[in-house]
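Architecture and fold: a report
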Amino acid sequence: MRIVLKPYIELFFAFFKIGAFTFGGGYAMIPLIRNEAVFKRKWLNDTDFVEMLAVAQSMPGPVALNTALFIGNRRQGFKGSLAAGFGVILPSFIIILLIALFFTQFKDNPLVERIFKGIRPAVVALIAAPLIQLGKSTGITLKTLWIPIAVALSVWLLNVSPILIIVLSIAGGIAYYKFIVQNRKERGNGTD
Amino acid sequence: MGLIELYASMFFAFLKIGLFGFGGGYAMLPLIQHEVVYRYGWIALEEFTDLVAIFQTTPGAIALNSATYIGYSAVTTAGYGTLEGILGSVICTAGVSIPPLIIMTLVCTFFFKIKHNSWIQAALKGLKPAIIGLIASAALILMNQRNFPDYTSWGIFLVIFIASLKKVDPILLILIAGVAGVLLY
């Protein structure tokens, strides 16, 4: 029985460790996962890792969880992805639950309020700053700049559901790249 | 609302967040906020900012952390006890994790087909500019009177914004902002 369980326990603990140290969101843990899964345990090679990462990032859900599920599945099938998934979720689940249990008691403390008064604008800055880099790497041009602006304004001012935005942009992507661009290519004029 | 109904609506809200949560943590913020603040009112927008601050300094993905925290907090705020609250955490965390579990299982089965499928690639290309807009909306929603009550807060914003562009560690920046808050207020 022990021999059968071993690969699952290994997956669980490898991702438990990763889950415990993924401060600051998914992108911070990429080097950690790479170190653990590629270099230390040799579960997959670096090329596969990069390809897997591209897929994990483009699918919905947290990147850390997607990566754990993917590697778990590759190693041990569905049960392997459960073991890795539980591993990566559990540390933050425990920590956040403890915070939820006790945070209400500190919330109205005057010192805590002063700390948060300083932190609140910083939180907004940390969300806003990556936008510049992201706009560049996504290849946003003056011609396509209207899309993020229209999205941001409609969600911010008109309370449009982000789900509607996502569904529309998937439909828009398919309509544009599958039909308009492809037709243009078939007619042989212009590249876009 | 009865406890079972509350559990059910929390589960489905987070299932939706898991299913439509493209583009990573910050892009998921408006989605989470739309469901838990705007649609259901489980927490106030003010509290949401403070939670994002906490989630940025604790390990784990923002969507999962939101599920764990709100699962507990919505249930206990509704007047139920700690145990019911913990079960709420479990339910929300499961809700947000189930879509990725199903999707990644499918991805593993059809990996190469997905990678080279021109329909999926077209859909993903369509999503990219929208994801930037969603992140921008998260910043704009949080740029409110309560988070920016005075010039000091705009000063903190500018300093942290520039430091973040210079790739200073975000956790360090939050700690600095917290100290600045104590010193300046």
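Residues numbered from 1 in each chain as written. Chains lettered and ligands numbered in written order. Predicted model: local features only at pLDDT ≥ 70, side-chain atom pairs only at ≥ 80, totals over all residues.

Helices and strands together make up the secondary structure of chain A, namely 8 helices and 0 strands. For chain A, the N- to C-terminal ordering of α and β elements is α-α-α-α-α-α-α-α. Against the 2.2 N^0.38 benchmark of 16 Å for 192 residues, chain A shows a C-alpha radius of gyration of 22 Å, more extended than a compact globule. Summarising its shape, the C-alpha atoms of chain A cover approximately 65 × 55 × 25 Å along the three principal directions. In chain A, the share of contacts with a sequence separation of at least 24, taken over all contacts with a separation of at least 6, comes to 48%. (Helix = DSSP H or I, 4+ residues; strand = E, 2+ residues; numbered from the N terminus. Rg over C-alpha atoms; globule rule 2.2 N^0.38 Å. Contact = placed C-beta atoms within 7 Å.)

Moving on, we come to the overall build of chain B. Looking only at helices and strands, one finds 9 helices and 0 strands in chain B. On the principal axes, the C-alpha backbone points of chain B span a range of 55 × 45 × 25 Å. Sequence separation of 24 or more characterises 61% of the internal contacts of chain B that already satisfy a separation of 6 or more.

Attention now goes to the interface of chain A and chain B. Facing the 80 residues of chain A at the interface are 89 residues of chain B. Among the elements of the structure, helix H1 (2–20), helix H3 (46–58), helix H4 (63–106), helix H5 (110–128), helix H6 (130–138), helix H7 (146–158) and helix H8 (162–187) of chain A are those that each provide at least two residues to the side of chain A that touches chain B. The greatest single-element share of the side of chain A that touches chain B, amounting to 20 residues, is contributed by H4 of chain A. Looking at the side of chain A that touches chain B, its residues break down into 54 nonpolar, 21 polar and 5 charged. (Nonpolar A, V, L, I, M, F, W, Y, C, P; charged D, E, K, R; others polar.)

Residues and elements named next belong to chain B. Direction vectors running N to C along helix H4 (residues 62–77) and helix H5 (residues 82–109) enclose 145°, while the axes themselves pass 7 Å from each other. Remark: the crossing between H4 and H5 carries right-handed chirality. In this structure, H4 contributes Ala63, Leu64, Ala67, Thr68, Ile70, Gly71, Tyr72, Ala74, Val75 and Thr76 to the contact, and H5 contributes Thr82, Glu84, Gly85, Ile86, Gly88, Ser89, Ile91, Cys92, Thr93, Gly95 and Val96. When the residues that make up the contact of H4 with H5 are grouped by side-chain class, the tally is 11 nonpolar, 9 polar and 1 charged. (Axes fitted to C-alpha atoms, helices over the stretch in contact; angles between N-to-C directions. Left-handed = near helix turned anticlockwise from the far one by under 90°.)

Attention now moves to the nonpolar core. Core analysis: the biggest nonpolar cluster contains 105 residues, and Ala122 of chain A together with Ile135 and Ile160 of chain B have the highest contact counts within it. Shared between two domains, this core takes at least three residues from each, and those domains are domain 1 (3–144) and domain 2 (148–185) of chain B. The contacts of Ile160 of chain B, once residues within four sequence positions are left out, are Ala122, Ala125 and Leu126 of chain A together with Leu173 and Ala177 of chain B. (Core = buried A, V, L, I, M, F, W, Y, C linked by C-beta atoms within 7 Å. Buried ≥ 20, exposed ≤ 12 C-beta atoms within 10 Å, placed from the backbone. Domains from an automatic or database assignment.)

Residue and element names in this part refer to chain B. Domain annotation of chain B identifies domain 1 (3–144) and domain 2 (148–185). A straight line from the C-alpha centre of domain 1 to that of domain 2 covers 26 Å. If you look at the interface, domain 1 gives 5 residues, while domain 2 gives 4 residues. Residues of the side of domain 1 that touches domain 2, tallied by class, amount to 2 nonpolar, 3 polar and no charged.

All right, on to the environment of Lys16 of chain B then. Residues and elements named next belong to chain B. You can see Lys16 is positioned in helix H1 (residues 3–20). Given 21 C-beta atoms within 10 Å, Lys16 falls into the buried group. Measuring from C-alpha to C-alpha, the distance between Lys16 and Glu35 comes to 8.9 Å, with 19 residues separating the pair along the chain.

One non-glycine residue, Lys42 of chain A, lies in the positive phi region at around 55°. Relative to the elements of secondary structure, Lys42 of chain A occurs in the loop between helix H2 (30–40) and H3. A positive phi is found at Lys167 of chain B, a non-glycine position, where the angle reads about 65°. Relative to the helices and strands, Lys167 of chain B resides in the loop between helix H8 (151–165) and helix H9 (170–184).

Quick look at the confidence of the model for chain B now. Residues and elements named next belong to chain B. Of the residues in chain B, 99% have a pLDDT of 70 or more, and the chain-wide mean is 91. Here helix H6 (residues 111–116) stands out as the least confident element of chain B, with mean pLDDT 74; H1 is the most confident, with 96. For this predicted complex, the interface confidence score (ipTM) comes to 0.88, while the overall pTM stands at 0.88. (pLDDT = per-residue confidence, 0-100.)

With their axes 10 Å apart at the nearest point, H4 of chain A and H5 of chain B run at an angle of 155° to one another. It follows that H4 of chain A is roughly antiparallel to H5 of chain B by the angle criterion. With respect to the hand of their crossing, H4 of chain A and H5 of chain B are arranged in right-handed fashion. Where H4 of chain A approaches H5 of chain B, its residues Leu65, Asn66, Leu69, Phe70, Asn73, Arg74, Phe78, Ser81, Gly85, Ile89, Phe93 and Leu97 of chain A are matched on the opposing element by Ile86, Ser89, Thr93, Ser97, Pro100, Leu101, Met104, Thr105, Val107 and Cys108 of chain B. (Parallel < 35°, antiparallel > 145°, perpendicular 65-115°, else oblique.)

Residue and element names in this part refer to chain B. For helix H7 (residues 118–142), which comprises 25 residues, the first-to-last C-alpha distance of 37 Å matches the rise-based estimate of 36 Å (1.5 Å per residue) to within 8%. Along H7, the sharpest change in direction is near 30° and occurs at Lys128; proline Pro129 comes one to four residues later. Across the 25 residues that make up H7, a large majority, 20, are buried. (Expected span 1.5 Å × (residues − 1). Bend = angle between axes of the 7 residues up to and from the residue.)

By the element assignment, Gln56 of chain B lies in helix H3 (residues 45–57). For the pair Gln56 of chain B and Ile171 of chain B, spaced 115 residues apart in sequence, the C-alpha separation works out to 7.0 Å.

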